Amino acid sequence: MPALTVEPLTPPAGSSIDFGAVIANADLENLTDDDFTTIRQALYTHQVLVFKNQHHLTPKAQYELTRRFDPLATTYGHGKTIDAKRSILHPDLKTIPHQPQVQVIGHGTIESYEGLHNITLKHPHHRTFHRDPIPLEDDYDFTRFYRWHIDAALYGLNPPMVTTLLAVRVPSGRRQTLRYDDGSGETMEVPLGTTAFVSGERMYDLLSGEDRKFALRARVEYAPHPYIWMSPARSRPTGLGMYSDNLELPLSDLPPIDESSIQVLPMVWKNPDTGKPALQIHPSAVRKIHCADGTVIDDLERVREIVYGLQRPAISPQYVYAHDWEEGDLVLFHNRGVLHSVVGAFGEGEVRLFRQCNLAAGEGVVAYEGGN
Ligand SMILES: [Fe+2]
């Protein structure tokens, strides 16, 4: 087999993305230590890696690739979601019976796949999460970022290092116009059902000096059982955090809370290979900000305004990589260095089948503490 190569993505016209790369000639089913070393370094340099033609990758090999970044990890990133009915996370996410860390997601009815039979999958539509969705008559041509996030339970379990996504079936490609609908007038053309990524390192780089100083010292407290807590609340039109309409569930309505499971994480995370800083905040799960001087901002509306102000510049179209999925694509991304979002909505008869794997990390997030 020819040697493995790493080819950085060429940004399309008008884009200024500085992350993403395509890896060729990787035998992921039988990955050598040398090739893994190259892939690991490429991942932490480029944040998002695309491997083409991985149709035959087994769920086991997908799990092992994911785990190789974090040998201490063994459980799915969200663990066993208690009270799954009230959680906003993939209500119909299906687990592969013989490889329970790998989940099947997508859209439509699948007769049989990897030991699952007659399953119905549903691609999330922004109307189920955004407060003011795109009107039905525009819904075919226009779309939104569904929800910008990090793959993480944010309660009890450490955020996964990486996520792998394999496109098994992809409906053939119309395009949609993604609208921000936040008064900015920004839009971008995207492939139907794209996954959108932005770089947390770019998000940090775009901060003013003052904001960097603040972000480097502040920590974010996430809500207990965040995906249940936020379930009645509704998102901004950019998918970047929630409106504050006092709809969050009171803590007394949540499953029992173990105080030691509540996560208070730095805002700026250190890249494990390059040492670079990335602004990494899950915008819809934040509840409080702990400031450098020990004060705690617990006015939810203000907390969200602060986080939105830090993050919003970096989701403008020129900073977004919208992956144009082809069947057989395996995308491996640095979950502690990017934010990502589902996009688009499929119609009747448009079947999509993906496999996703991420693992609650063996180790906690490392704060970036360096200079500027
Ligand atoms: Fe995700």
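Residues numbered from 1 in each chain as written. Predicted model: local features only at pLDDT ≥ 70, side-chain atom pairs only at ≥ 80, totals over all residues. Heavy atoms only, no water.

- In the nomenclature of an unreviewed UniProt entry, the protein chain corresponds to Alpha-ketoglutarate-dependent xanthine dioxygenase xanA from the organism Aspergillus mulundensis.
- What UniProt states about the protein chain under its Catalytic activity (unreviewed entry) heading is, verbatim, "xanthine + 2-oxoglutarate + O2 = urate + succinate + CO2".
- Word for word, the UniProt comment on the protein chain under Sequence similarities (unreviewed entry) is "Belongs to the TfdA dioxygenase family." (UniProt positions renumbered as here; feature names shortened; annotations may be inferred.)

## Some thoughts on the overall build of the protein chain
For step 1, the next point in the chain: Across its full length, the protein chain carries six helices and 21 strands.
For step 2, the next point in the chain: A globule of 372 residues ought to have a C-alpha radius of gyration of about 21 Å, and the protein chain, at 20 Å, matches this closely.
For step 3, the next point in the chain: The principal-axis extents of the C-alpha atoms in the protein chain amount to approximately 55 × 50 × 45 Å.
For step 4, the next point in the chain: Counting only residues that meet the buried cut, the protein chain has 57% of its 372 residues in that class.
For step 5, the next point in the chain: Sequence separation of at least 24 residues holds for 78% of the intrachain contacts in the protein chain that already meet a minimum separation of 6.
For step 6, the next point in the chain: As displayed, the protein chain has an accessible area near 15,900 Å², and 49% of this comes from carbon and sulfur atoms.
For step 7, the next point in the chain: The centroid of the 35 positive side-chain charges in the protein chain is displaced by 3 Å from the centroid of its 47 negative side-chain charges. (Helix = DSSP H or I, 4+ residues; strand = E, 2+ residues; numbered from the N terminus. Rg over C-alpha atoms; globule rule 2.2 N^0.38 Å. Buried < 20%, exposed > 50% of the residue type's maximum accessible area, 1.4 Å probe, protein only. Contact = heavy atoms within 4.5 Å. Areas by Shrake-Rupley, 256 points an atom, 1.4 Å probe, with all protein chains shown as cover. Lys, Arg positive; Asp, Glu negative; His and termini not counted. Charge placed at Lys NZ, Arg CZ, Asp CG, Glu CD.)

## Quick word on the layout of surface pockets
For step 1, the next point in the chain: The volume enclosed by the second largest pocket comes to roughly 330 Å³.
For step 2, the next point in the chain: Along the walls of the second largest pocket sit 19 residues, with M161, P272, R336, E363 and G364 positioned nearest its centre.
For step 3, the next point in the chain: Broken down by secondary-structure element, the contributors of at least two residues to the lining of the second largest pocket are α1 (33-46) and β14 (268-270).
For step 4, the next point in the chain: A class-by-class count of the residues in the lining of the second largest pocket yields 10 nonpolar, three polar and six charged. (1 Å grid on protein atoms, 1.4 Å probe; cavity = no way out; pocket = protein on both sides within 12 Å on 5 of 7 lines; lining within 4 Å. Points joined across faces, edges and corners; volume = space filled by probe spheres on them. Nonpolar A, V, L, I, M, F, W, Y, C, P; charged D, E, K, R; others polar.)

## Overview of the coordination of the iron ion
Octahedral metal centres with six donors ideally show angles of 90 or 180 degrees, and tetrahedral centres with four donors ideally show 109.5 degrees.
For step 1, the next point in the chain: Binding of the iron ion to the protein goes through H149 (NE2), D151 (OD) and H340 (NE2), at separations of 2.1 to 2.2 Å.
For step 2, the next point in the chain: Along the chain, the residues that donate to the iron ion are spaced as H-x1-D-x188-H. Placement of H149 in the loop between β7 (142-143) and β8 (162-169) and of H340 in strand β20 (residues 338-342) is noted, with a sequence separation of 191 residues between them. Considered together, H149 and H340 belong to a single accessibility category, that of buried residues. (Donors = N, O, S within 2.8 Å, 3.2 Å for Na, K, Ca; no water.)

## Regarding the environment of I297
For step 1, the next point in the chain: Position of I297 among the secondary structure elements: in strand β17 (residues 296-297).
For step 2, the next point in the chain: Distance from I297 to R287, taken between C-alpha atoms, is 8.9 Å for residues 10 residues apart in sequence.
For step 3, the next point in the chain: Ignoring anything within four residues of it in the chain, the contact list for I297 reads R287, K288, I289, C291, R302, V303 and I306.

## Let's talk about the nonpolar core
For step 1, the next point in the chain: With 57 residues, the main nonpolar core has F145, W148, M267, L279 and I281 as its most contacted residues.
For step 2, the next point in the chain: Counting 23 residues, the second largest nonpolar core, distinct from the first, contains I23, A42, Y44 and L57. (Core = buried A, V, L, I, M, F, W, Y, C linked by side-chain atoms within 4.5 Å.)

## Observations concerning the pattern of salt bridges
Once the charged atoms of two side chains with opposite charge are near each other, the side chains can pair.
For step 1, the next point in the chain: Under the counting rule described, the total for this entry stands at 18 salt bridges.
For step 2, the next point in the chain: Note that D138 and R179 form a salt bridge whose closest N and O atoms lie 3.9 Å from each other. One end of the pair, D138, is in the loop between β6 (116-121) and β7; the other, R179, is in strand β9 (residues 175-179), and 41 residues separate them in sequence.
For step 3, the next point in the chain: The buried category is assigned to R179, whose relative accessible area is 18%.
For step 4, the next point in the chain: Notably, a salt bridge pairs D181 with R144, separated by 2.9 Å at the nearest N-O pair. A residue pair is termed long-range when its members are at least 10 positions apart, and D181 in the loop between β9 and β10 (187-191) and R144 in the loop between β7 and β8 qualify at 37 residues.
For step 5, the next point in the chain: Several salt bridges converge on common partners, so that one network encompasses D138, R144, R179 and D181. (Salt bridge = Lys/Arg side-chain N within 4 Å of Asp/Glu carboxyl O.)

## Describing the packing of aromatic side chains
For step 1, the next point in the chain: One pass over the structure, following the stated rule, counts nine aromatic pairs.
For step 2, the next point in the chain: Plain terms: the ring middles of F129 and Y146 are 5.5 Å apart, the flat faces sit at 35° to each other, and that makes the pair tilted. Placement of the pair is F129 in the loop between β6 and β7 and Y146 in the loop between β7 and β8, with a sequence separation of 17 residues. We note that F129, like Y146, is buried.
For step 3, the next point in the chain: With centroids separated by 4.6 Å and ring planes inclined at 50°, the aromatic side chains of F145 and W148 adopt a geometry described as tilted. (Phe/Tyr/Trp six-rings, centres within 6.5 Å; stacked < 30°, edge-to-face > 60°.)

## Digging into the sheet that holds strand β13 (residues 264-266)
For step 1, the next point in the chain: Taken in spatial order, the four strands line up as β13-β12-β16-β17 in an open sheet, and their pairing is antiparallel. Of all the strands in the sheet, just β13 and β17 have a single pairing partner and so form its edges.
For step 2, the next point in the chain: Pairing of strand β16 (residues 286-290) with β17, which is carried by two bridges, proceeds in the antiparallel orientation. Its bridge partner being in β17, I289 is matched across the sheet by I297.
For step 3, the next point in the chain: In the packing of helix α6 (residues 300-311) onto the sheet, contacts are made with β16 and β17, and the angle to β16 comes to roughly 80°. (Pairing = 2+ DSSP bridges. Axes fitted to C-alpha atoms, helices over the stretch in contact; angles between N-to-C directions.)

## So, the side chain of T195
For step 1, the next point in the chain: Secondary-structure assignment places T195 in strand β11 (residues 195-199).
For step 2, the next point in the chain: On the basis of relative accessibility, which here comes to 6%, the residue T195 falls in the buried class.
For step 3, the next point in the chain: At 2.9 Å, the side chain of T195 forms a polar contact with the side chain of W325.
For step 4, the next point in the chain: When near neighbours in sequence (up to four residues on either side) are disregarded, T195 contacts L165, Y321, A322, H323, W325, S341 and R352. (Polar contact = N/O pair within 3.5 Å; in protein donor to acceptor, adjacent residues only side chain to side chain.)

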